[in-house]
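Below are the chains, spelled out letter by letter.
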Amino acid sequence: MVCDFFYPRLGGVETHIFQLSLSLIQMGHKVIVITHGYGDRQGVRYMTNGLKVYYCPVTPFADQATWLSKFGFFPLFRKIMIREGINVVHCHQATSVLGLEAILHSRTMGYRTIYTDHSLFGFSDAACIHLNKILKFFFSDIDAAIAVSHTCRENLSLRAAVNPSLIYAIPNAVDTHRFTPDPSKRFPLNTINIVCISRLTYRKGTDILVDVIPQICKKYPEAYFIIGGDGPKRKILDSMIEKHGLRDRVELLGAIPHAKVRDVLVRGHLFLNTSLTESFCIAIVYLFPLLLTQTFRSKLLLAV
């Protein structure tokens, strides 16, 4: 598994890679994760069930994505591949430069390559046009690709010029035994609790959240927002709360460990998703077992 985005950063892609790696290990496969260093987290670390993670000395420059060095990462990557006896290289997320470089180097050395796409991107703005051109270059020789939804599959085929026969739609899944409803955990009482869990970044629609919250709080005095997640847009949320005096109406929880997500979701009456590029939101998947039970009569609110 190769991606710029991994623990200690929290998010849908990070959770997907971690859970997929653990499942493959339980099936008897050997799995390692290659990512860049996060602060003091450098070198080789071991996680749950012996999952080996290489935190490489590569410096990120924006949203934890690394610089495109083309061949600067190749010597270290080749050494890891040979040392670990790798057969298949699986990369994640279009904005992960480390993953794109790994695809290029893997095909150079004759390894099988798989790519998983987690987000939708457009065709008209400058950033997406630039990214799509890069994907066409790196994906010209991949063996297979995975999309987390059928819409994502179509989007990937069009913008990266990948043969549709090479793309497989495998939706995200959830363990329904771990996400069970509990209305008694819904607090504060006598309010309409609106839950939003995501990374606080532009792509996740945090700017929309900043515009929407004051209007909803003004129109509905019983509305109460519970926001989980962290990121560079946290500052504008704090500024909005102070400007409109909503400290008692908006609860910022910060980064939430995966094991605690269910405890936050059961507090809500509604779920708010403002993401601009979501193809199959992990947090919404977590809601399915809660929504499909008679004891949890919640509604799903999508703002996309």
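Since this is a predicted model, take the numbers as computed values, not measurements.

Calculation criteria
Residues numbered from 1 in each chain as written. Predicted model: local features only at pLDDT ≥ 70, side-chain atom pairs only at ≥ 80, totals over all residues. Heavy atoms only, no water. Helix = DSSP H or I, 4+ residues; strand = E, 2+ residues; numbered from the N terminus. Buried < 20%, exposed > 50% of the residue type's maximum accessible area, 1.4 Å probe, protein only. Contact = heavy atoms within 4.5 Å. Arc of directions from axis to C-beta. Axes fitted to C-alpha atoms, helices over the stretch in contact; angles between N-to-C directions. Parallel < 35°, antiparallel > 145°, perpendicular 65-115°, else oblique. Left-handed = near helix turned anticlockwise from the far one by under 90°. Nonpolar A, V, L, I, M, F, W, Y, C, P; charged D, E, K, R; others polar. Pairing = 2+ DSSP bridges. Right-handed = clockwise from strand over helix to strand, strands pointing away.

Draft legend 1. Spotlight on the side chain of glutamate 101. Relative to the assigned elements, glutamate 101 resides in helix H3 (residues 97-108). Judged by relative accessible area, which is 1%, glutamate 101 ranks as buried. Here glutamate 101 is in contact with Trp67, Leu68, Ser69, Lys70, Phe73 and Phe138, once residues within four sequence places are set aside.

Draft legend 2. Structural view of helix H7 (residues 234-244). The set of residues buried in H7 consists of Leu237, Met240 and Ile241. The arc enclosing the buried residues of H7, seen along the axis, measures out at 100°, which places them on a common side. The exposed set on the far side of H7, more than 90 degrees from its buried face, consists of Lys235, Glu242 and Lys243. Those residues of H7 hidden inside the fold are in contact with helix H6 (206-219), strand S11 (223-228) and strand S12 (250-254). With its phi angle positive at about 60°, glycine 245 sits one or two positions after the end of H7.

Draft legend 3. Examining the environment of histidine 16 more closely. Structurally, histidine 16 can be placed in helix H1 (residues 12-26). Linking histidine 16 and alanine 173, residues 157 residues apart in sequence, is a C-alpha distance of 9.5 Å. Sequence-distant contacts of histidine 16, defined by excluding residues within four places in its chain, comprise His92, Thr116, His118 and Asn172.

Draft legend 4. Region of interest: the packing of H3 against helix H4 (residues 126-138). One way to put it is that H3 packs onto H4 with a least axis distance of 10 Å and a crossing angle of 25°. Classified by the interaxial angle, the pair formed by H3 and H4 is roughly parallel. In the crossing of H3 with H4, the sense of the turn from one axis to the other is left-handed. Of the residues in H4, those touching H3 at Leu100, Glu101, Ile103 and Leu104 are Ile134, Leu135 and Phe138. When its residues are assigned to classes, the contact of H3 with H4 shows 6 nonpolar, no polar and 1 charged.

Draft legend 5. A look at the sheet that holds strand S2 (residues 43-46). A sheet is described by the order of its strands in space; here 3 strands give the open sequence S1-S3-S2, paired in mixed fashion. Only two strands of the sheet have a single partner each, and these edge strands are strand S1 (32-36) and S2. Going from strand to strand, the sheet's axes swing by 25° on average, the running direction of each strand aside. The pairing of S2 with strand S3 (residues 52-56) spans 4 bridges and is antiparallel. Across the sheet, residue tyrosine 46 finds its bridge partner in S3, namely lysine 52.

Draft legend 6. View of the packing of H6 against H7. Where H6 contacts H7, the axes come no closer than 10 Å and their chain directions differ by 10°. If you check the angle between H6 and H7, you find them roughly parallel. Here Thr206, Asp207, Leu209, Val210, Ile213 and Pro214 of H6 lie close against H7, whose contacting residues are Ile236, Leu237, Met240 and His244. For the contact of H6 with H7, the per-class residue count stands at 7 nonpolar, 2 polar and 1 charged.

Draft legend 7. Spotlight on the pairing of strand S8 (residues 144-147). Here S8 shows no split at all, with Ala144 and Ile146 on one side and Ala145 and Ala147 on the other all buried. Examined bridge by bridge, strand S7 (residues 112-117) and S8 share 4 bridges and lie parallel to one another. Within the sheet, the bridge partner assigned to tyrosine 115 lies in S8 and is alanine 145. Between the parallel pair S7 and S8, the chain is carried across by H4, and the sense of this crossover is right-handed. Across 3 bridges, S8 lies against strand S9 (residues 167-169) in parallel orientation. Counterpart to alanine 145 in the pairing with S9 is isoleucine 167. Each parallel crossover has a hand, and for S8 linked through helix H5 (residues 150-160) to S9 it is right-handed.

Draft legend 8. Spotlight on the sheet that holds strand S6 (residues 88-92). Reading across from one edge, S6-S7-S8-S9 is the order of the 4 strands in this open sheet, with parallel pairing throughout. The open sheet has two free edges, formed respectively by S6 and S9, since each of these has just one partner strand. Ignoring strand direction, the axes of neighbouring strands in this sheet form an average angle of 20°. Strand contacts of H1: S6 and S7, with the helix running at about 155° to S6, the strand carrying the most contacts.

Without other data, these values stay purely geometric and don't point to any function.
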